[in-house]
Amino acid sequence: MKIVFVSGSVRSDSQSRKVTDYLAGRLNDAMEVKIVDLNEHRLPLYDDSTDGPWQEIWGPIENELMSADGFVVVSPEWDGMFSVGLHNMFHYVTKTKNHVMAHKPVMLVGVSDGMGGAYPIAQLKAIGAKNTHYVVSPEGLRISKVKEVLVNGEIVVDGVRERADYSLKVLVEYAKALKQVRDSDIIDFKKFGSGV
Ligand SMILES: Cc1cc2nc3c(=O)[nH]c(=O)nc-3n(C[C@H](O)[C@H](O)[C@H](O)COP(=O)(O)O)c2cc1C
């Protein structure tokens, strides 16, 4: 099983990346883990062009997403919205029609240095999944006051740490279960390439 963590902030020294590193370290050694940091891999603003520098940046990201069995998508809350980097990336996910996130589970994580963190989760549930066809795990993680919760790379609030571990365990079980769906002969992207 391979789980890919996507850190959605496009800020350097971002708290979302720190949360991502922490969560990636909590999966057991039997899992293959990769981190895609959208600040390190700056995709150009999506414009539907057929060629251009985006291909060199998108190719390695797409390969990681393609080989994943599940995802942890970590979004900062900016202006009450999920990350512009993730929004941009989802256009690339659907552009190439390789369906690299389709019928794979996503654990959603919202990060805020204030009392926020819920909006990114709600928005990613509502609008992220249509053409990407990703499947939202009901068990996500909201981290408000991130600098008080994550200290020196460790979650110091028991309830948040327990929720993080629980949500990761549930994600792994969804990853195992949904492989059966992807391996079935039911999926028909030729006819149903756009989700509802
Ligand atoms: C442009 C901008 C807008 C922000 N808007 C919000 C917001 O609406 N709600 C909130 O809780 N935090 C907001 N924040 C603060 C983030 O929660 C904070 O930067 C946090 O560390 C997560 O972002 P990061 O991963 O980029 O560090 C905002 C930050 C920036 C840079």
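Up top is the structure these notes are about.
Note that this is a predicted model, so its numbers are computed, not measured. (Residues numbered from 1 in each chain as written. Predicted model: local features only at pLDDT ≥ 70, side-chain atom pairs only at ≥ 80, totals over all residues.)

Colleague: So what exactly am I meant to see when it comes to the overall build of the protein chain here?
Modeller: Each helix and strand in the protein chain was counted, giving six helices and eight strands. When the helices and strands of the protein chain are read in sequence order from the N terminus, they spell out β-α-β-α-β-α-β-α-β-β-α-β-β-α. Taking the principal axes of the C-alpha coordinates as reference, the protein chain spans close to 45 × 35 × 30 Å. Each of the 196 residues in the protein chain was classed as buried or not, and the buried ones make up 39%. For the protein chain, contacts bridging at least 24 residues in sequence account for 81% of all contacts bridging at least 6. (Helix = DSSP H or I, 4+ residues; strand = E, 2+ residues; numbered from the N terminus. Buried ≥ 20, exposed ≤ 12 C-beta atoms within 10 Å, placed from the backbone. Contact = placed C-beta atoms within 7 Å.)

Colleague: Whenever I open this one, the site of the ligand confuses me. Can you help?
Modeller: Surrounding the ligand, one finds 16 residues, the nearest of these being S14, S16, P76, S112 and G116. Partitioning the shell around the ligand into residue classes produces four nonpolar, eight polar and four charged. (Near = placed C-beta within 6 Å. Nonpolar A, V, L, I, M, F, W, Y, C, P; charged D, E, K, R; others polar.)

Colleague: I'm lost on the pairing of strand β1 (residues 2-7) in this one. Help?
Modeller: Side chains on a regular strand alternate between the two faces of the sheet. With five of six residues buried, β1 is to be regarded as a mostly interior element. By the bridge criterion, six bridges tie β1 to strand β2 (residues 32-37) in an arrangement that is parallel. Residue pairing for β2: K2 is matched across the bridge by E32. One crossover worth recording links β1 to the parallel β2 by way of helix α1 (residues 15-26), and it is right-handed. Relative to strand β3 (residues 70-76), β1 runs parallel, the two sharing five bridges. Bridging from a neighbouring strand, S7 pairs with V74 of β3. (Pairing = 2+ DSSP bridges. Right-handed = clockwise from strand over helix to strand, strands pointing away.)

Colleague: Please clarify how the nonpolar core should be interpreted in this entry.
Modeller: For soluble globular proteins, the rule of thumb is that nonpolar side chains tend to be buried together. Within the largest apolar cluster, 43 residues are counted, with the highest numbers of intra-cluster contacts made by F71, V72, V73 and V109. Of the residues forming this core, the biggest block, six residues, is contributed by helix α6 (residues 158-183). Those residues in contact with V109 that lie beyond four places of it in its chain are V19, V72, V73, V74, S75, G140, L141 and I143. (Core = buried A, V, L, I, M, F, W, Y, C linked by C-beta atoms within 7 Å.)

Colleague: Could you clarify how one ought to interpret helix α3 (residues 84-95) in this entry?
Modeller: In this model α3 runs 17 Å from its N-terminal to its C-terminal C-alpha over 12 residues, within 8% of the 16 Å that 1.5 Å per residue would give. Taken as a whole, α3 has its buried residues at G85, L86, M89, F90, V93 and T94. Viewed along the axis of α3, the buried residues span an arc of 165°, placing them on a single side of the element. Where α3 is buried, its residues meet α2 (54-66) and β3. Following α3 by one or two positions, K97 adopts a phi angle in the positive range, close to 55°. (Expected span 1.5 Å × (residues − 1). Arc of directions from axis to C-beta.)

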